[in-house]
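Results of the structural survey
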Amino acid sequence: MATARARIIWTGTGVFLLIVLLWPFALHSTRTGIVGLAAPDTLDSRFFIAGHIFSNPAIFGHMVLGGLLTVLIPLQIWTALRKRLPVLHRWSGRVLCACAVLTGLGGLVFIVLRGTIGGFWMDFGFALYGVLLSLSALQAIRFARARRFADHKRWALRLFVLSIGSWLYRVHYGVWYALTGGLASTPTFEGAFDLIQNFAFYAPYLVGLELWMRRSHTNITA
């Protein structure tokens, strides 16, 4: 009993601390998106081009929904909360999965219509990220509705990793610039570090998660 209670406390503390870390990024992303969606034609932003009636809402909607998704997704992996309030878990899961799908689609629309600042490899890396984000959300919902909860949990964990990817992208840059002063990174995101970053903010974490799930098969399926 004591061990179970300690696990609940430590898990809850970890979720809380993660939300605190995610909060500044999520707030900035959401605020920027709201300003962009309500923007006059004079908005000074590299993401905004006057008269672009599809790409502007796509990217700024992506920011709003992505910010909400980033800061709220940790609550879905908190086992104690899920068991205590299963209805909240189900409905918040539906909302967050919808946010994930729309976030992914918004980014993809922007990439198709205008492309990213970093050119082909950034387009490709970010587009793949958007596809995986949307796919993970759809699969998590599909398996939950089918009551295949082991599969649901696997896809929900993938969704969690992908949902904090945008935050991890910025953490990587912050650490790299602090350690190297921006070595191999350029303003147009075409340096060697930038090219690696097009995939490094999500691919290694997904690989690590897959390896962990294979080793923890019993716990995943329980």
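Our structure is the block above this text.
Residues numbered from 1 in each chain as written. Predicted model: local features only at pLDDT ≥ 70, side-chain atom pairs only at ≥ 80, totals over all residues. Heavy atoms only, no water.

**Observations regarding helix α2 (residues 55-72)**
Its 18 residues place the ends of α2 26 Å apart at the C-alpha level, agreeing with the 26 Å of an ideal helix rising 1.5 Å per residue. Among the 18 residues that make up α2, 13 are buried, leaving the element largely enclosed by the rest of the structure. (Helix = DSSP H or I, 4+ residues; strand = E, 2+ residues; numbered from the N terminus. Expected span 1.5 Å × (residues − 1). Buried < 20%, exposed > 50% of the residue type's maximum accessible area, 1.4 Å probe, protein only.)

**Quick notes on the pattern of salt bridges**
In a structure, side chains of opposite charge can pair up when their charged atoms sit close to one another. Under the definition given, this model contains three salt bridges. A salt bridge links R148 to D151, with the nearest nitrogen and oxygen atoms 2.9 Å apart. Look at R148 and you get partly exposed, because its relative accessible area is 42%. Classification of D151 by relative accessible area gives partly exposed; the value is 21%. Residues E210 and R158 are paired through a salt bridge, measuring 2.6 Å at the closest nitrogen-oxygen approach. Separated by 52 residues along the polypeptide, E210 in helix α9 (residues 203-215) and R158 in helix α6 (residues 149-163) bring together distant segments of the chain. When its relative accessible area of 27% is taken as the criterion, E210 is described as partly exposed. When salt bridges with common partners are traced through the structure, they connect R148, D151 and R154 into a single cluster. (Salt bridge = Lys/Arg side-chain N within 4 Å of Asp/Glu carboxyl O.)

**A closer look at a positive patch on the surface**
Among the surface-exposed residues, R90, R94, R145 and R147 lie close enough to one another that they form a single positively charged patch. Relative to the elements of secondary structure, R145 occurs in helix α5 (residues 120-145). Relative accessible area serves as the criterion here: at 68%, R145 is assigned to the exposed category. (Patch = residues over 30% accessible without salt bridge, like charges linked within 9 Å, V, L, I, M, F, W, Y side chains within 5 Å. Areas by Shrake-Rupley, 256 points an atom, 1.4 Å probe, with all protein chains shown as cover. Lys, Arg positive; Asp, Glu negative; His and termini not counted. Charge placed at Lys NZ, Arg CZ, Asp CG, Glu CD.)

**Some thoughts on the packing of aromatic side chains**
Enumeration over the complete set of coordinates arrives at 18 aromatic pairs. Seen from their ring centres, F120 and W121 are 5.0 Å apart, and the 75° between their planes marks the pair as edge-to-face. Assessed through its relative accessible area of 57%, F120 is described here as exposed. Under the relative-accessibility criterion, W121 is labelled partly exposed at 47%. Between F120 and F124, the ring centres sit 6.2 Å apart and the planes meet at 15°, which makes this aromatic pair stacked. One end of the pair is F120 and the other is F124, both in helix α5 and four residues apart, which spans about a single turn. The exposure class assigned to F124 is partly exposed, which follows from its relative accessible area of 41%. Put simply, the rings of F126, Y129, Y169, Y173, W176, Y177, F189, F193, F201 and Y202 pair up and form one aromatic cluster. Positioned above the aromatic ring of F143, the side-chain terminus of R142 is 4.3 Å from the ring centre. (Phe/Tyr/Trp six-rings, centres within 6.5 Å; stacked < 30°, edge-to-face > 60°. Lys NZ or Arg CZ within 6 Å of the ring centre and 35° of its normal.)

**Remarks on unusual backbone geometry**
With phi around 60°, R147 is a residue other than glycine that occupies positive phi space. Within the secondary structure, R147 is located in the loop between α5 and α6. Residue R147 is classed as exposed on the basis of its relative accessible area of 62%.

**Quick notes on the nonpolar core**
Counting residues in hydrophobic clusters, the biggest one holds 34 residues, and the most contacted among them are L69, I73 and L159. Elements supplying a minimum of two residues to this core: α1 (2-37), α4 (86-114), α5, α6, α7 (165-180) and α9. Every residue in contact with I73, bar those within four places of it in the chain, is listed here: L96, L159, F160, S163 and I164. Core analysis: the second largest hydrophobic core is formed by six residues, A39, F48, F60 and M63 among them. (Core = buried A, V, L, I, M, F, W, Y, C linked by side-chain atoms within 4.5 Å. Contact = heavy atoms within 4.5 Å.)

**Quick word on a nonpolar patch on the surface**
Judged by side-chain polarity, I53, F54, V109, V112 and L113 come together as a nonpolar surface patch covering roughly 540 Å² of accessible area. Relative to the assigned elements, V112 resides in helix α4. Note on V112: relative accessible area 70%, which makes it exposed.

**Examining the side chain of Q76**
Structurally, Q76 can be placed in the loop between α2 and α3 (79-84). Of note is the side chain of Q76, whose polar atom sits 2.6 Å from the side chain of S92. Ignoring anything within four residues of it in the chain, the contact list for Q76 reads R82, H89, S92, G93 and L96. (Polar contact = N/O pair within 3.5 Å; in protein donor to acceptor, adjacent residues only side chain to side chain.)

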